[in-house]
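Here is what each chain is made of, one letter per residue.
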Amino acid sequence: MSRDSDLAYLRLATEVAAKAKAKGNHPFGAVLVDTEGNVLAEGENTILTDRGPGHAETNLARFAAREFSADVLATSTLYTSVEPCCMCAGTIYWAGIGAVVFGMTEHRLLELTNGDPENLTQNLPSRTVFAAGQRKVEVRGPFDELADEIAEAHIGFWNH
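Residues numbered from 1 in each chain as written. Predicted model: local features only at pLDDT ≥ 70, side-chain atom pairs only at ≥ 80, totals over all residues. Heavy atoms only, no water.

With respect to the packing of aromatic side chains
Inference 1: The final tally for this structure, using the stated rule, is five aromatic pairs.
Inference 2: Ring plane angle 80° and centroid distance 6.4 Å describe the contact between Phe63 and Phe68, whose orientation is recorded as edge-to-face.
Inference 3: Given the relative accessible area of 32%, Phe63 is considered partly exposed.
Inference 4: Between the aromatic rings of Tyr93 and Trp94, the centroid separation amounts to 5.5 Å while the plane-to-plane angle is 90°, which identifies the pairing as edge-to-face.
Inference 5: In textbook terms, an aromatic cluster arises when at least three aromatic residues are bridged by ring pairs, as seen for Phe28, Phe157 and Trp158.
Inference 6: In this structure, Arg135 is placed above the aromatic ring of Tyr93, and the distance from its NZ or CZ to the ring centre is 4.9 Å. (Phe/Tyr/Trp six-rings, centres within 6.5 Å; stacked < 30°, edge-to-face > 60°. Buried < 20%, exposed > 50% of the residue type's maximum accessible area, 1.4 Å probe, protein only. Lys NZ or Arg CZ within 6 Å of the ring centre and 35° of its normal.)

Here it is in structure tokens:
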């Protein structure tokens, strides 16, 4: 995918995050895109029903693993507004998704959440998690030109 395509799908993931936030969930969203550019599925954060492990990327990866073939997953890309945490990266890896693109770093998220007990961000970059696996997962991000746009959903949300 081109940089322009990556930016467009990251903006779509940010729209999904806004939908999650509007429902009272944490502002995280993700979309799964095939090689033709078709959006196969989207995932929202579901803290209200699933508590801590209801992350957008985990929800999407688990759904995708049930619904799509290994060949489709291996050539698909998961776009997410914020860098996947270690739990999400592990779920993406085990689902067999071939690539991940994120907009804003988890480190920036940590600055925005300011120790909020609902998001105890870990200092473990997704690239480190993916690199520990036996299968390659391509990672692209962050996209600094979107960081402020993505951060808007988080400003004032945490420590509420």
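From this point, things continue past the structure.
Here we look at the sheet that holds strand E3 (residues 77-82)
Inference 1: Strands sit in the order E2-E1-E3-E4-E5 across an open sheet of five strands; the sheet is mixed. What marks the edges here is a single partner per strand, and that holds for strand E2 (39-44) and strand E5 (138-140). Going across the sheet, the axis of each strand differs from the next one's by a mean of 15°, ignoring polarity.
Inference 2: Along the sheet face, helix H1 (residues 3-22) touches strand E1 (29-33), E2, E3, strand E4 (99-104) and E5 and points at about 135° away from the line of E1. (Pairing = 2+ DSSP bridges. Helix = DSSP H or I, 4+ residues; strand = E, 2+ residues; numbered from the N terminus. Axes fitted to C-alpha atoms, helices over the stretch in contact; angles between N-to-C directions. Contact = heavy atoms within 4.5 Å.)

Comments concerning the environment of Ala151
Inference 1: Here Ala151 lies in helix H8 (residues 144-151).
Inference 2: Ala151 sits in the buried class, given a relative accessible area of 0%.
Inference 3: For the pair Ala151 and Asn119, spaced 32 residues apart in sequence, the C-alpha to C-alpha distance is 15 Å.
Inference 4: The residues touching Ala151, leaving out its near neighbours within four places in the chain, are Met104, Arg108 and Leu112.

Comments concerning the pattern of salt bridges
Inference 1: By the definition in use, this model includes seven salt bridges.
Inference 2: Between Glu42 and Lys19 there is a salt bridge whose closest N-O contact spans 2.6 Å. Residue Glu42 is located in strand E2, and its partner Lys19 is located in helix H1; the two are separated by 23 residues in the primary sequence.
Inference 3: Look at Glu42 and you get partly exposed, because its relative accessible area is 38%.
Inference 4: With a relative accessible area of 38%, Lys19 lands in the partly exposed category.
Inference 5: As a salt-bridge pair, Glu44 and Lys23 come within 3.1 Å of each other at their nearest N and O atoms. Taken as a pair, Glu44 in strand E2 and Lys23 in the loop between H1 and E1 lie far apart in primary sequence, 21 residues in all.
Inference 6: You can call Lys23 exposed: its relative accessible area is 51%.
Inference 7: Here the salt bridges share partners, and the residues they tie into one network are Asp6, Glu138 and Arg140. (Salt bridge = Lys/Arg side-chain N within 4 Å of Asp/Glu carboxyl O.)

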